[in-house]
Amino acid sequence: MLQAKYEKLQEILTGMKTVVVAFSGGVDSTFLLKVALDTLGTENVLAVTADSETYPFEELEEAKRFAAILGARHQIIETSELSIPGYSENTSNRCYFCKKSLFEHLIPIMHEHGYENIAFGLIADDMGEHRPGTRAAREYNIRGPIQEADLYKSEIRELSQEMGLPTWDKPSFACLSSRIAYGEEITMEKLRKIDRSEQAIRALGIRQVRVRTHGDMARIEVEPHEMQRLLQHHEEITSKLQEFGYSYVTMDLTGYKSGSMNKVLAETKTT
């Protein structure tokens, strides 16, 4: 079954012939880039990474390193989500504005290099979640080959491990804006505060962390098995995060959950 999905992905990429891959250096885009390179050849694939306020420096460095390991042609472009009209207001369709801007940057690059398609790391799991960015992809005819092959995150990790990719067990990552409660303005100050806070917590050996921001309160999400470590360092973490600007520091007992801020949207629809 998994092999059939992998072959389907190869078939899809073969049909695309040449492709610009929106490359963040995460689990999904690294897997997509690897399969594209193996299927189409280095000369027919270009990885492009957008460096912006919402993209931590350490993630950019990892993207550079992974692209080099794969032997991919890699281009880094400068973008600014905060300059996009409608983005900083942080409405429920924030990701639409972000993806729309990204694709508008990638399309000229595709034409400049004579490529035929743009692909991004959409996966099968995303289709059951709140993903406004997929609307922008449809509008610009941007492909999600992994999703088209019906590959889920767990399957991508399994295949990535078989391929020897360093990202196979990399913690999931999303832009820093996803930590800020909908309706709260996104500012550079908040993004930096979140980034510094998550770096401080990861420095304690905690791999998967989100510092969700609700006004002046930090709601920390970690995997359940890492909660004890978080509690062991609660005084240090509280001190650090208050130093960064939070008044209150809490731990979410539910644990880490991708897209947990979307829960509010779901509850609003049912009331």
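One structure accompanies this document, and this report is about it. All values derive from a computational prediction rather than experimental measurement.

In space, the 3 strands of this open sheet follow the order β5-β6-β7, with mixed pairing throughout. Bordering the open sheet on either side are β5 (209-214) and β7 (248-251), each of which pairs with just one other strand. Mean inter-strand twist for the sheet, computed between neighbouring axes without regard to direction, equals 25°. Where strand β6 (residues 217-222) lies against β7, 4 bridges are found, and the strand directions are parallel. Residue pairing across strands places A218 opposite V249, the latter belonging to β7. In the packing of helix α10 (residues 234-244) onto the sheet, contacts are made with β5, β6 and β7, and the angle to β7 comes to roughly 135°.

What follows deals with the nonpolar core. In terms of nonpolar packing, the biggest core is built from 34 residues, with V19, F23, F31, L33, V45 and L151 touching the most fellow members. Of all the secondary-structure elements, those providing two or more residues to this core are α1 (2-16), β1 (19-22), α2 (27-40), β2 (45-51), α3 (57-70) and α7 (153-163). With residues near it in sequence (within four places) discarded, F23 still touches S29, T30, L33, A47, V48, T49, A63, F66, A67 and H74. The next biggest cluster of nonpolar side chains, apart from the first, holds 21 residues, and it includes I84, Y87, I186 and L204.

Bringing the packing of aromatic side chains into the picture now. Counted under the stated rule, the structure contains 2 aromatic pairs. Ring centres of Y96 and F97 lie 5.7 Å apart, and the angle between their planes is 70°; this geometry places the pair in the edge-to-face category. Overall, the relative accessible area of 9% leaves Y96 in the buried class. Judged by centre distance (5.5 Å) and plane angle (75°), the rings of F103 and F120 are edge-to-face. Here F103, found in helix α4 (residues 94-113), pairs with F120, found in the loop between β4 (117-119) and α5 (133-139); they are 17 residues apart in sequence, far enough to count as distant. Classification of F120 as buried rests on a relative accessible area of 7%. The lysine or arginine in question, K193, covers the ring of Y246, its NZ or CZ lying 4.3 Å from the ring centre.

What follows covers the pairing of strand β3 (residues 73-78). Pairing of β2 with β3, which is carried by 6 bridges, proceeds in the parallel orientation. Bridge pairing in β3 links D51 to E78.

Overall, parallel pairing links the 4 strands, which are arranged β3-β2-β1-β4 in an open sheet. With partners counted over all chains shown, the strands left at the sheet margins are β3 and β4, one partner each. This sheet shows a mean twist of 25° between the axes of neighbouring strands, independent of strand direction. Where β1 and β2 come together, 4 bridges link them in parallel fashion.

The rules we used
- The residue count restarts for each chain, going from 1 along the sequence in the order it is written.
- Only residues with pLDDT of at least 70 are given local features in this predicted model, and only at 80 or more are side-chain atom pairs given and counted; all residues enter the totals for whole chains, interfaces and linings.
- Derived side-chain values reflect all non-hydrogen atoms in the structure, with water molecules and hydrogen atoms excluded from consideration.
- Two strands qualify as a pair provided that DSSP identifies no fewer than 2 bridges between them.
- Here a strand is any run of E in DSSP of at least two residues, a helix any run of H or I of at least four, and the numbering for each starts at the N terminus.
- To define axes, lines are fitted to C-alpha atoms, for helices over the stretch in contact only, and angles between the resulting N-to-C directions are given on a 0 to 180 degree scale.
- Contacts: residue pairs with any heavy atoms within 4.5 Å of one another.
- Among the buried residues, those of types Ala, Val, Leu, Ile, Met, Phe, Trp, Tyr and Cys that are joined through side-chain atoms within 4.5 Å form a nonpolar core.
- Each residue is placed in one exposure class: buried if its accessible area under a 1.4 Å probe, protein chains only, is under 20% of its type's maximum, exposed if it is over 50%, and partly exposed if it falls in between.
- Pairing of aromatic side chains here covers Phe, Tyr and the six-membered ring of Trp, requires ring centres within 6.5 Å, and sorts the geometry by plane angle: under 30 degrees stacked, over 60 edge-to-face, intermediate tilted.
- Here, over-ring charges are defined by two tests on the NZ atom of lysine or the CZ atom of arginine: distance to the ring centre within 6 Å, and angle to the ring normal within 35 degrees.

Read these as spatial facts, not as claims about activity.
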